[in-house]
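Chain by chain, the residues:
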Amino acid sequence: MDQQVRQGRHPAEGLTLPEETLFIVKPDAVARSLTGRIIARFEAKGFEITRLAMLRLTKSQAESFYAVHRDKPFFDELVSFITSGPVVACTIRGNNAVATTRIMVGATKSYEAAPGSIRGDLGLGLSDNVIHASDSAASFEHESGVVFP
Ligand code: CMP
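Residues numbered from 1 in each chain as written. Predicted model: local features only at pLDDT ≥ 70, side-chain atom pairs only at ≥ 80, totals over all residues. Heavy atoms only, no water.

Student: So what's going on with the site of the ligand? Residues and values would help.
Tutor: The ligand sits among Lys26, Tyr66, His69, Phe74, Glu77, Leu78, Thr108, Arg119, Leu126, Ser127, Asn129 and His132. Residue Tyr66 places a side-chain N or O atom 2.6 Å away from an oxygen atom belonging to the ligand. The separation between an oxygen atom of the ligand and a polar side-chain atom of His132 is 2.9 Å. If the ligand stood free it would expose 460 Å²; the protein chains cover 81% of that surface. Of the residues contributing to the shell around the ligand, the split by class is four nonpolar, five polar and three charged. (Near = heavy atom within 4 Å. Polar contact = N/O pair within 3.5 Å; in protein donor to acceptor, adjacent residues only side chain to side chain. Areas by Shrake-Rupley, 256 points an atom, 1.4 Å probe, with all protein chains shown as cover. Nonpolar A, V, L, I, M, F, W, Y, C, P; charged D, E, K, R; others polar.)

Student: Got a sec to walk through the packing of helix H3 (residues 35-45) against helix H6 (residues 97-105)? Specific residues and values, please.
Tutor: H6 packs onto H3 with a crossing angle of 135 degrees between their chain directions and a minimal axis gap of 12 Å. One way to sum up the angle between H3 and H6 is to call them oblique. Here H3 runs over H6; the crossing is right-handed. Mapping the contact onto sequence places Arg41, Phe42 and Lys45 in H3 and Thr100, Thr101, Met104 and Val105 in H6. In terms of residue class, the contact of H3 with H6 is built from three nonpolar, two polar and two charged. (Axes fitted to C-alpha atoms, helices over the stretch in contact; angles between N-to-C directions. Helix = DSSP H or I, 4+ residues; strand = E, 2+ residues; numbered from the N terminus. Parallel < 35°, antiparallel > 145°, perpendicular 65-115°, else oblique. Left-handed = near helix turned anticlockwise from the far one by under 90°. Contact = heavy atoms within 4.5 Å.)

Student: I'd like to hear about the environment of Ala99, residue by residue, with values.
Tutor: Note that Ala99 resides in helix H6. Residues Ala99 and Ala133, 34 residues apart in the sequence, show an inter-C-alpha distance of 9.6 Å.

Student: Hey, could you go over the nonpolar core for me, with residue numbers and the actual values?
Tutor: Counting residues in each nonpolar core, the largest one holds 20 residues, and the members touching the most others are Phe23, Val25, Ile38, Phe42, Ile118, Val130 and Ile131. When contributions to this core are tallied by element, the ones reaching two or more residues are strand E1 (18-25), helix H2 (27-31), H3, strand E3 (87-95), H6, helix H7 (118-122) and strand E4 (131-133). Setting aside its immediate chain neighbours within four residues, Val130 contacts Ile24, Val25, Lys26, Asp28, Ala29, Arg32, Ile38, Ile118, Leu122 and Gly123. (Core = buried A, V, L, I, M, F, W, Y, C linked by side-chain atoms within 4.5 Å. Buried < 20%, exposed > 50% of the residue type's maximum accessible area, 1.4 Å probe, protein only.)

Here it is as structure tokens:
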């Protein structure tokens, strides 16, 4: 199907910002069998899945993935949690993908995330906050390179 029609817009409207982003279903959500429900939300929104894999991040992959947080006090906890079990990594393509995905994901602290967002509906944790999503096009390039080398 034509991409514009599949995403629910009239072809005459055009795509304002077709782009790609990455999300990772974190170990807590994989363990709670939430993977399908989370991916379904992005499919229902109209995004096209471009890559999908279940994998276990190594310590060095996790350290590279979260390099921007290297100096934060929670860095070790972050690496330890994301490597604690399998994750599901997914890249998706669609209009305004980076910003729209961040809105769908919700606030970092799941216990403060708005109902209707993925973290707001499915989580209560901080390290274990269900899902990670790239926060910029540059982050997407870096993070997808680590996860899908
Ligand atoms: P994420 O979107 O994966 O990006 C960085 C992660 O750091 C964030 O989700 C949280 O899981 C985690 N994080 C942020 N602040 C803290 C904190 N104060 N303590 C532990 N983890 C944190």
